[in-house]
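Structural characterization, general
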There are 2 protein chains.
Amino acid sequence: MKSLPALSPKRRKTKVANKPIIVLVRPQLGENIGKAARAMLNFGLTEMRIVNPRDGWPNPSAGPAAAGADIVLDSAKVFSTTAEAVADCEHVYATTVRKRGVTKPVVGPDGAARLMHEQPGRHAVLFGREASGLETDDVALARHILTVPINPQFGSLNLAQAVILVAYEWSRIGREHDDGELVQPTAEDEVLPPAPQDDLEGLISHFEKMLAPRGYFLPEARRDATLRTLRSVLTRPGWNHLEVRTFRGILSTLERAKRQED
Amino acid sequence: MKSLPALSPKRRKTKVANKPIIVLVRPQLGENIGKAARAMLNFGLTEMRIVNPRDGWPNPSAGPAAAGADIVLDSAKVFSTTAEAVADCEHVYATTVRKRGVTKPVVGPDGAARLMHEQPGRHAVLFGREASGLETDDVALARHILTVPINPQFGSLNLAQAVILVAYEWSRIGREHDDGELVQPTAEDEVLPPAPQDDLEGLISHFEKMLAPRGYFLPEARRDATLRTLRSVLTRPGWNHLEVRTFRGILSTLERAKRQED
């Protein structure tokens, strides 16, 4: 029996960031290439390919617009045709708003991101020229149409915005798959837990002691209901021990003042 | 075969779009206000509020940058303080990358979008000045921190990009709900939404007025920090208007007693 090939590297493949390649097809302005690079790097994408840029490459306007994402621009590769740019890629997506009578599966940025993380192989996303988008021959290279579902009454995404949505989703879905390399906003875990119940009871009693002699719980027949309301209002927040302590301080302040005025 | 029962009105209730209000706090360039409007309308958001814009309002640079999203700019409302801008909102999110030592729950654009679609009431998202972001006092108004999880080595989101990610997620999650996959927990329907922000402000001021003459905010150098802590403790619970009213009653009781004893 042959020794088994090491399983883990392959199994872990989808945990390794399967970064899509961003392909800008015949972009017009260097500034927009820079902005796309910036959008990419915000979410950890680094590989850009440029097909036949109108103003040549490198383009002096790209750098300033990239706002520091030089690593993306410096390693960008230029191709003369879209076919060459995606020749080594297993999965090609054509970003387009319009249906062009091409029958291909349509995915959103989220669906595309799922495929990127689930399907082995290199994924490339084509983005067309600013003014006119991808041409039919570019779209024909793709297995999927990537459409950002926008407001049918107002669709006005620019190149960098389309890129950032794809990059954002790649990153977001990646975090769903694993704990990823990007910063995860962890919902509640940095927030302190609620204070122990006896801290809370202490706070409730403190309120009671201050309120009772001032007639808050009158008439007597309503006492229990009023107390329940008070308890409920103070219980709901789930205050942590620091917050409960703050509140105890507030009550003490109010008490102290009263004593001063006696 | 019986006819299928009609989907109950209660179940469908959540299909009504609960659009967040985009609040730009002290924005600098009109161009960026226009770009934010464009970003919003791409995903169907229309309500913009502007707090104390540096160059006044209307701003002639905003229109061209909005690329046709005039409906957003034309109906934008200007406020002189952030507190006024969110006075009628039940849910306030502060968009910020940095932790500022404020312990509030942190959500991403997706988590925020889920809350917008699931929690009744008006949702407002605060975005800070281009160069410097939100100030601590703005963040203090919010119940949630909204953080876009970006590349820790390169975080360079501009205002319109942050806005577009929030708008995109609102739209995306809304479609998930519409597709019927996410069934709204009916419990939410029975929970009252948090009180509008100005009710909460009333409560905070009430505390302030009672505490200040009793020296709670001394020493003066700590005044702002103490006030923020007070605000934070009172903001976190998300009390509904009945609960806020209960608390106002408690404070009035404490005041009344004091007067009797004078």
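Note that the structure is predicted; figures quoted are calculated from it, not measured. (Residues numbered from 1 in each chain as written. Chains lettered and ligands numbered in written order. Predicted model: local features only at pLDDT ≥ 70, side-chain atom pairs only at ≥ 80, totals over all residues. Heavy atoms only, no water.)

All names here are of chain A. With 84% of its residues at a pLDDT of 70 or more, chain A has an overall mean of 84. pLDDT under 50 marks residues 180–189. Its contacts with residues more than four places away, or in other chains, come to 23 contacts. The ipTM value of the predicted complex is 0.75, and its pTM value is 0.78. (pLDDT = per-residue confidence, 0-100. Contact = heavy atoms within 4.5 Å.)

Turning to the packing of aromatic side chains, a few remarks are in order. Going through the model one piece at a time under the given rule, you end up with 13 aromatic pairs over all chains. Taken together through their ring pairs, the aromatic side chains of F207, W239 and F247 of chain A together with F207, W239 and F247 of chain B make up a single cluster. A cation sits over an aromatic face here: R223 of chain A above F217 of chain A, 5.0 Å from the ring centre. (Phe/Tyr/Trp six-rings, centres within 6.5 Å; stacked < 30°, edge-to-face > 60°. Lys NZ or Arg CZ within 6 Å of the ring centre and 35° of its normal.)

Here we take up the nonpolar core. M48 and F127 of chain A together with L24, M48, F127 and V163 of chain B are the most contacted members of the largest nonpolar core, which totals 76 residues. Discounting residues that sit within four places of it in the chain, L24 of chain B has contacts with I33, A36, M48, R49, I50, V51, F127, L159 and V163 of chain B. (Core = buried A, V, L, I, M, F, W, Y, C linked by side-chain atoms within 4.5 Å. Buried < 20%, exposed > 50% of the residue type's maximum accessible area, 1.4 Å probe, protein only.)

Residues and elements named next belong to chain B. If you walk across this open sheet you meet the 7 strands as β3-β2-β1-β6-β4-β7-β5, and the pairing is parallel. Every other strand in the sheet has two partners, leaving β3 (77–79) and β5 (106–107) as the edge strands with one partner each. Where helix α2 (residues 30–42) meets the sheet, it contacts β1 (21–25) and β2 (48–51), and its direction lies at approximately 155° from that of β2. (Pairing = 2+ DSSP bridges. Helix = DSSP H or I, 4+ residues; strand = E, 2+ residues; numbered from the N terminus. Axes fitted to C-alpha atoms, helices over the stretch in contact; angles between N-to-C directions.)

Taken together, the contact pairs 64 residues of chain B with 65 residues of chain A. In this assembly, chain B and chain A are joined by 3 salt bridges. Two residues, R236 of chain B and E243 of chain A, come together in a salt bridge whose shortest N-O distance is 2.7 Å. Secondary structure elements with two or more residues in the side of chain B that touches chain A: α2, β5, α6 (109–118), α8 (159–178), α10 (197–211), α11 (223–235) and α12 (241–261) of chain B. Take the side of chain B that touches chain A: its biggest share by element is 11 residues, from α12 of chain B. Per-class residue counts for the side of chain B that touches chain A are 32 nonpolar, 17 polar and 15 charged. (Salt bridge = Lys/Arg side-chain N within 4 Å of Asp/Glu carboxyl O. Nonpolar A, V, L, I, M, F, W, Y, C, P; charged D, E, K, R; others polar.)

Residue and element names in this part refer to chain A. What the 7 strands build is an open sheet, ordered β3-β2-β1-β6-β4-β7-β5; its pairing is parallel. Where the open sheet ends on each side, the last strands, each with one partner, are β3 (77–79) and β5 (106–107). As judged from the 3 bridges shared by strand β2 (residues 48–51) and β3, these two strands associate in the parallel manner. Residue pairing across strands places I50 opposite V78, the latter belonging to β3. In the packing of helix α2 (residues 30–42) onto the sheet, contacts are made with β1 (21–25) and β2, and the angle to β2 comes to roughly 155°. Here helix α8 (residues 159–177) sits on the sheet in contact with β1, β6 (123–127) and β7 (144–146), set at roughly 160° to β6.

Along helix α6 (residues 109–118) of chain A, 7 of the 10 residues are buried, which leaves the element largely enclosed by surrounding structure. Of all the residues in α6 of chain A, the buried ones are P109, D110, A112, A113, L115, M116 and H117 of chain A. Elements in contact with the buried residues of α6 of chain A: β4 (91–95), β5, β6, β7 and α8 of chain A together with α8 of chain B.

What follows concerns the pairing of β2 of chain B. If a strand is regular, its side chains alternate between the two faces of the sheet. The two faces of β2 of chain B match: M48 and I50 of chain B on one face and R49 and V51 of chain B on the other face are all buried. In this view, the connection linking β1 of chain B to its parallel neighbour β2 of chain B by way of α2 of chain B has right-handed handedness. (Right-handed = clockwise from strand over helix to strand, strands pointing away.)

Summed over all chains, the structure comprises 30 salt bridges over all chains. Between D88 of chain A and R49 of chain A there is a salt bridge, and its shortest N-O distance comes to 2.8 Å. A residue pair is termed long-range when its members are at least 10 positions apart, and D88 of chain A in the loop between α5 (82–85) and β4 and R49 of chain A in strand β2 qualify at 39 residues. The salt bridge involving R172 of chain B is made with E169 of chain B; its shortest N-O contact spans 2.6 Å. Taken together, the residues span about one helical turn, with R172 of chain B and E169 of chain B both in helix α8 at a distance of 3 residues. In this structure R172 of chain B comes out as buried when scored by relative accessible area, which is 2%. In this structure E169 of chain B comes out as buried when scored by relative accessible area, which is 0%. Beyond isolated ion pairs, a larger network of salt bridges with shared partners links R114, E169, R172 and E176 of chain A together with R114, E169, R172 and E176 of chain B.

What follows concerns α8 of chain B. Residues and elements named next belong to chain B. A rise of 1.5 Å per residue sets the reference length of α8, with its 20 residues, at 28 Å; its end C-alpha atoms lie 29 Å apart and thus fit the reference within 8%. Burial analysis of α8 places 17 of its 20 residues in the buried class, which makes it a mostly covered element. Sitting at the head of α8, N158 places a side-chain oxygen 3.3 Å from the backbone nitrogen of A160. (Expected span 1.5 Å × (residues − 1). Polar contact = N/O pair within 3.5 Å; in protein donor to acceptor, adjacent residues only side chain to side chain.)

All names here are of chain A. The interhelical angle for the contact between helix α9 (residues 197–211) and helix α10 (residues 223–235), taken along N-to-C directions, is 135°, at an axis separation of 10 Å. Regarding the angle of α9 to α10, the classification is oblique. Regarding α9 and α10, the two cross each other, and that crossing is right-handed. Contacts from L200, E201, L203, I204, F207, E208 and L211 of α9 reach α10 at R223, L227, L230, R231, L234 and T235. Of the residues in the contact of α9 with α10, the class split is 8 nonpolar, 1 polar and 4 charged. (Parallel < 35°, antiparallel > 145°, perpendicular 65-115°, else oblique. Left-handed = near helix turned anticlockwise from the far one by under 90°.)

Each pair of packed helices can be described by the angle between their axes along with the distance between the axes. Residue and element names in this part refer to chain A. Close contact between α6 and α8 brings their axes to 8 Å; oriented N to C, the two are set at 50°. Overall, the two elements α6 and α8 adopt an arrangement that is oblique. Where α6 crosses over α8, the handedness of that crossing is right-handed. Residue-level contacts link P109, D110, A113, R114, M116, H117 and E118 of α6 to L165, V166, E169, W170, R172, I173, G174, E176 and H177 of α8. Considering only residue class, the contact of α6 with α8 consists of 7 nonpolar, 3 polar and 6 charged.

So, about the environment of A113 of chain A. Residues and elements named next belong to chain A. You can see A113 is positioned in helix α6. Here A113 falls in the buried class, since its relative accessible area comes to 1%. Considering only alpha carbons, one finds A113 and H123, 10 residues apart in sequence, at a separation of 9.7 Å. When near neighbours in sequence (up to four residues on either side) are disregarded, A113 contacts E169, W170 and I173.

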